[in-house]
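Reading the structure
Each chain, written out:
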Amino acid sequence: VPRRPRAPTEHEWIRRLLRRLGDAGPGVVVGPGDDAAALRVGSTTLLVTTDALVEGVHFRTGWLSPRALGERAYRVNASDVAAMGGRPRAAVVALEVPPGVGARVLDQIVAGFVAAARLHGAALVGGNLARGRALAVTVTLLGVAGARIVTRGGARPGDVVAVTGRLGATGCAVRARRAGRRVALPRVPDRVEAGARLAAVATAMIDVSDGLVQDLGHVARASGVAIRVDAWRVPVAPTCRGRHALGIALTAGEDYELACTVPPRRLAAARRRARGAGVALTAVGVVQAGRPSVTIVDEAGRRLRLRAGGFDHLAGPRRRR
Ligand SMILES: [Mg+2]
């Protein structure tokens, strides 16, 4: 019986597309495949990224106020600019609006967005409004790169792997919500200052949007290294408790903390820099020579197996929310 070829996962499809696109051309400092693209324009390097929040996929109505949705839409994009070490400058927003959602709701979405952007001196400079089947907020954010652009590709064997803040709060909140408990979805942290400061010492950086293990997998592949994560060192959010807490912290995603790799002699400086931006930086693993992979080990050095590797937007009918 001829077997149907397995459909590609989200990241397999993206990798295939990138091979087909080929060389990005002059002026493109960082092409597709990182948290943001970097473009040389005159004497400035601009960063550009885009991200959508779709009702039924990223959130359910009732989980977020319209204002919180606007803030979230801005911050998930700012997170990608932060992961490159840059600072947001200007955004355009495309709204898809289903029947029944009125101007008052849209006003609040925009108000939440603009208030979050203003904290970085970033402006909303345009957008689009279209009728749609589900409420969706798609943002394109322009940023300005700092003196050093940190990609996913610079991790070297011997580097320490570190994360800002704590992981698992959103994953646990989503789980509780699905179980019918009315817990608040945590706000997306603002890590722009931390990213800008860490950029001076980090060899690679990524924001934790798909889950630590999956996102470190992107760093491993882009850098051509193996990554070992020491499970017991992973900082789990205090609101994330129970038997599954560690698994959720490792895989659930949407924490929007920063994961970076740092040479060991710069770890103390990296910690100071993060603290200066108001957040703790915790070493959780090491970069090793070897085929790109992420291995999770317990305190005895035994390999842990995870059931889910992170979120895949192309994976079958499994609904996110
Ligand atoms: Mg990212």
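A closer look at the coordination of the magnesium ion
Protein-derived coordination of the magnesium ion comes from Asp35 (OD), Asp80 (OD) and Asp207 (OD), at a distance range of 2.0 to 2.1 Å. Donor residues for the magnesium ion sit on one chain with the sequence pattern D-x44-D-x126-D. Taken together, the residues aspartate 35 in the loop between strand E1 (28-30) and strand E2 (37-41) and aspartate 80 in helix H2 (residues 66-82) connect sequence positions 45 residues apart. Each member of the pair, aspartate 35 as well as aspartate 80, is classed as buried.

Quick look at the layout of surface pockets
What the largest pocket holds in volume is close to 1,100 Å³. Surrounding the largest pocket, 37 residues form its lining, Glu10, His11, Ile14, Asp34 and Arg152 being those nearest its centre. Among the elements of the structure, helix H1 (10-21), strand E3 (44-54), H2, strand E8 (204-207) and helix H6 (212-223) are those that each provide at least two residues to the lining of the largest pocket. Looking at which element gives the most residues to the lining of the largest pocket, the answer is H1, with 7 residues. Per-class residue counts for the lining of the largest pocket are 14 nonpolar, 10 polar and 13 charged.

Some points on the side chain of glutamine 214
Inspection of the secondary structure assignment puts glutamine 214 in helix H6. Within the structure, glutamine 214 has its side chain in polar contact with the side chain of aspartate 210 (distance 3.5 Å).

Structural notes on the pattern of salt bridges
Considering all chains together, one arrives at 12 salt bridges under this definition. Put simply, arginine 187 and glutamate 71 hold a salt bridge, and the shortest N to O gap is 2.6 Å. Separated by 116 residues along the polypeptide, arginine 187 in the loop between helix H4 (169-178) and helix H5 (192-198) and glutamate 71 in helix H2 bring together distant segments of the chain. Note on arginine 187: relative accessible area 58%, which makes it exposed. Residues arginine 233 and aspartate 230 are paired through a salt bridge, measuring 2.5 Å at the closest nitrogen-oxygen approach. A residue is classified by how much of its surface remains accessible, and aspartate 230, at 2% relative accessible area, is buried. Connected via shared salt-bridge partners are Asp34, Asp35 and Arg152.

A look at the packing of H2 against helix H3 (residues 103-118)
Between H2 and H3, whose axes approach to 6 Å, the crossing angle comes to 45°. Viewed along their axes, H2 and H3 adopt a mutual orientation that is oblique. Relative to H3, H2 is oriented so that their crossing is right-handed. Contacts between H2 and H3 pair Pro66, Arg67, Leu69, Gly70, Glu71, Ala73, Tyr74 and Arg75 from the former with Val105, Gln108, Ile109, Ala111, Gly112, Phe113, Ala115, Ala116 and Ala117 from the latter. Considering only residue class, the contact of H2 with H3 consists of 11 nonpolar, 3 polar and 3 charged.

Some remarks on the state of the cysteines
Linking two cysteines covalently through their sulfur atoms gives a disulfide. Scanning all chains against the criterion turns up 1 disulfide. Linked covalently through their sulfurs, cysteine 172 and cysteine 240 form a disulfide whose S-S length is 2.2 Å. Its S-S torsion of about 45° marks the bond between cysteine 172 and cysteine 240 as right-handed, since a negative value means left-handed. In this pair, cysteine 172 is assigned in helix H4 and cysteine 240 in the loop between strand E9 (226-230) and helix H7 (245-251), connecting sequence segments 68 residues apart.

What to know about the pairing of E8
Residues Ala204 and Ile206 point to one face of E8 and Met205 and Asp207 to the other, with burial holding for every one of them. Here E8 runs beside strand E10 (residues 258-262); their pairing, made up of 4 bridges, is antiparallel. Within E10, the position partnered with methionine 205 by the bridge is cysteine 260.

Remarks on the nonpolar core
Within the largest apolar cluster, 54 residues are counted, with the highest numbers of intra-cluster contacts made by Leu69, Tyr74, Val137, Val139 and Cys260. The dominant element in this core, judged by the number of residues it contributes, is H2, at 7 residues. Ignoring sequence-local partners within four residues, the contact set of valine 139 consists of Thr49, Thr50, Asp51, Ala73, Asn77, Ala91, Val92, Val93 and Phe113. In terms of nonpolar packing, the next biggest core, distinct from the first, is built from 24 residues, Ala204, Ala220, Leu250 and Val294 among them.

Remarks on the sheet that holds strand E4 (residues 87-97)
If you walk across this open sheet you meet the 6 strands as E1-E2-E3-E6-E4-E5, and the pairing is mixed. Edge positions in the sheet fall to E1 and strand E5 (123-131), since each of these pairs with one other strand and no more. Neighbour-to-neighbour, the strand axes of the sheet open up by a mean angle of 25°, direction not taken into account. For E3 and strand E6 (residues 136-144), the ladder comprises 9 bridges, and the chain directions are antiparallel. Counterpart to alanine 52 in the pairing with E6 is threonine 138. Against the sheet, H2 contacts E3, E4 and E6, and its axis sits at roughly 140° relative to E3. Most of the contacts of H3 go to E4, to which it runs at about 165°, and overall it touches E4, E5 and E6.

Section: the packing of aromatic side chains
On inspection of all chains with the given rule, the structure shows 1 aromatic pair. Ring centres of tyrosine 74 and phenylalanine 113 lie 5.4 Å apart, and the angle between their planes is 85°; this geometry places the pair in the edge-to-face category. Highlighted residues: tyrosine 74 in helix H2 and phenylalanine 113 in helix H3, separated in sequence by 39 residues. Note on tyrosine 74: relative accessible area 0%, which makes it buried. Assessed through its relative accessible area of 3%, phenylalanine 113 is described here as buried.

Parameters and conventions
- Residues numbered from 1 in each chain as written.
- Predicted model: local features only at pLDDT ≥ 70, side-chain atom pairs only at ≥ 80, totals over all residues.
- Heavy atoms only, no water.
- Donors = N, O, S within 2.8 Å, 3.2 Å for Na, K, Ca; no water.
- Helix = DSSP H or I, 4+ residues; strand = E, 2+ residues; numbered from the N terminus.
- Buried < 20%, exposed > 50% of the residue type's maximum accessible area, 1.4 Å probe, protein only.
- 1 Å grid on protein atoms, 1.4 Å probe; cavity = no way out; pocket = protein on both sides within 12 Å on 5 of 7 lines; lining within 4 Å.
- Points joined across faces, edges and corners; volume = space filled by probe spheres on them.
- Nonpolar A, V, L, I, M, F, W, Y, C, P; charged D, E, K, R; others polar.
- Polar contact = N/O pair within 3.5 Å; in protein donor to acceptor, adjacent residues only side chain to side chain.
- Salt bridge = Lys/Arg side-chain N within 4 Å of Asp/Glu carboxyl O.
- Axes fitted to C-alpha atoms, helices over the stretch in contact; angles between N-to-C directions.
- Parallel < 35°, antiparallel > 145°, perpendicular 65-115°, else oblique.
- Left-handed = near helix turned anticlockwise from the far one by under 90°.
- Contact = heavy atoms within 4.5 Å.
- Disulfide = S-S within 2.5 Å.
- Pairing = 2+ DSSP bridges.
- Core = buried A, V, L, I, M, F, W, Y, C linked by side-chain atoms within 4.5 Å.
- Phe/Tyr/Trp six-rings, centres within 6.5 Å; stacked < 30°, edge-to-face > 60°.

None of the figures reported here should be taken as evidence of function without further support.
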